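# Structural characterization, general
This is what each chain is made of:
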Amino acid sequence: MVKTHRDTISVNDCQVLAHYQFEADQYIITLESKEIADSTRPGQFVHLSVSGMLAMRRPISVMSVDADNGTFDLLYKIVGEGTKQLADRKIGDVLSVIGPIGNGFELTDRKIPLLIGGGVGMPPMIAIAQKIKDNAYYNPYVILGSEVPFPFEASQSSLNGFNSSKFYTMPLLEEWRVPCGLASLQDYEGVYKGYVTDLAREYLDSLSSSDLKEVEVFTCGPNPMLEAVSKLSNEYNLPCQASLEEYMACAVGGCAGCVVEVATENGPAMKRVCVDGPVFDAKTVFNDFR
Ligand SMILES: Cc1cc2nc3c(=O)[nH]c(=O)nc-3n(C[C@H](O)[C@H](O)[C@H](O)COP(=O)(O)OP(=O)(O)OC[C@H]3O[C@@H](n4cnc5c(N)ncnc54)[C@H](O)[C@@H]3O)c2cc1C
Ligand code: FES
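Reference entry: report on the structure contained in this document. (Residues numbered from 1 in each chain as written. Chains lettered and ligands numbered in written order. Predicted model: local features only at pLDDT ≥ 70, side-chain atom pairs only at ≥ 80, totals over all residues. Heavy atoms only, no water.)

## Details of the side chain of Ser64
Mapped onto the elements, Ser64 comes out in strand 5 (residues 64-66). For Ser64, a relative accessible area of 10% translates into the label buried. If we skip the residues at most four places from it in the chain, Ser64 touches Phe72, Asp73, Gln130 and Trp176. (Helix = DSSP H or I, 4+ residues; strand = E, 2+ residues; numbered from the N terminus. Buried < 20%, exposed > 50% of the residue type's maximum accessible area, 1.4 Å probe, protein only. Contact = heavy atoms within 4.5 Å.)

Dropping the structure here:
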């Protein structure tokens, strides 16, 4: 039987508890919902009604949850009318939120999760980091890439991570003691100058051959980046789970508006990104590596 990943979905009226603006039209919004905070798995997303004026909801990944306080955070960037209207929401406003939706990432017994997020693909990587931050079995490394200023005040790391004395980190990941490197083609202080895949390659090359066998790659970001990460993973013979972004209408599996072609044992098949994904085995999506 096909698993549809609809088991966690509920409709919630969520109050806005905080809403911060960062450079380049990036925002972090905190919403209240005990159900979503309790049930979200890393890589799942919510479908938001951004205002009473737009009929269509907008899909946004859950970045982090606070189960004690029953809240969750989203990081988003204004790209069009929907996200512009979301940016106008004030503390105390109530939004209708469906979720959490999707399969999410699956952590395996590989001990070194390499988490690579680009642009608004950063949130699901932060969600994985939060999930495993207190689990001594895992030894993750996070790479975040952005071509606009990062939506946080990057700072020096005190952790013993790969090149941690050289590259700045995200304060939230530092607080969780998860090592991280930042990458950009821009000249930002403390940021690796290059693509996320360049930094990932340097990281992978720094590992022993036995550690390399423990790496599993998790990624989210624009499609060209996902394709490059998939290619790199293939080169190092590493499994790679990629979260895709597709235009969505219903986001609950009913309209087939979000289908992508995926390679399966029985040949190519059309899968719905909303409920069959958004996370897929990267090599089943990016043709060259099937
Ligand atoms: C599973 C998933 C998770 C996402 N997570 C985030 C996130 O954490 N942060 C973030 O900033 N953005 C995220 N996005 C992208 C976000 O949904 C779009 O930027 C947003 O829907 C754009 O709406 P708009 O009205 O502002 O833009 P417009 O371009 O005006 O949107 C018009 C229509 O296109 C759709 N659309 C436009 N761009 C995208 C896109 N890249 N992906 C899917 N649909 C799109 C909108 O839903 C809307 O129906 C995610 C998308 C998906 C599918
Ligand atoms: S958006 Fe309707 S099936 Fe995915």
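## With respect to unusual backbone geometry
Here the bond from Gly99 into Pro100 is cis, since omega is -5°, no more than 30 degrees from zero. With respect to the element layout, Pro100 can be found in strand 7 (residues 94-101). With omega at 10°, the peptide bond leading from Gly277 into Pro278 counts as cis. Tracing the backbone through its elements, the reader meets Pro278 in the loop between strand 17 (267-272) and strand 18 (279-281). Non-glycine residue Asp25 carries a positive phi angle of around 60°. Among the secondary structure elements, Asp25 is positioned in the loop between strand 1 (10-22) and strand 2 (26-32).

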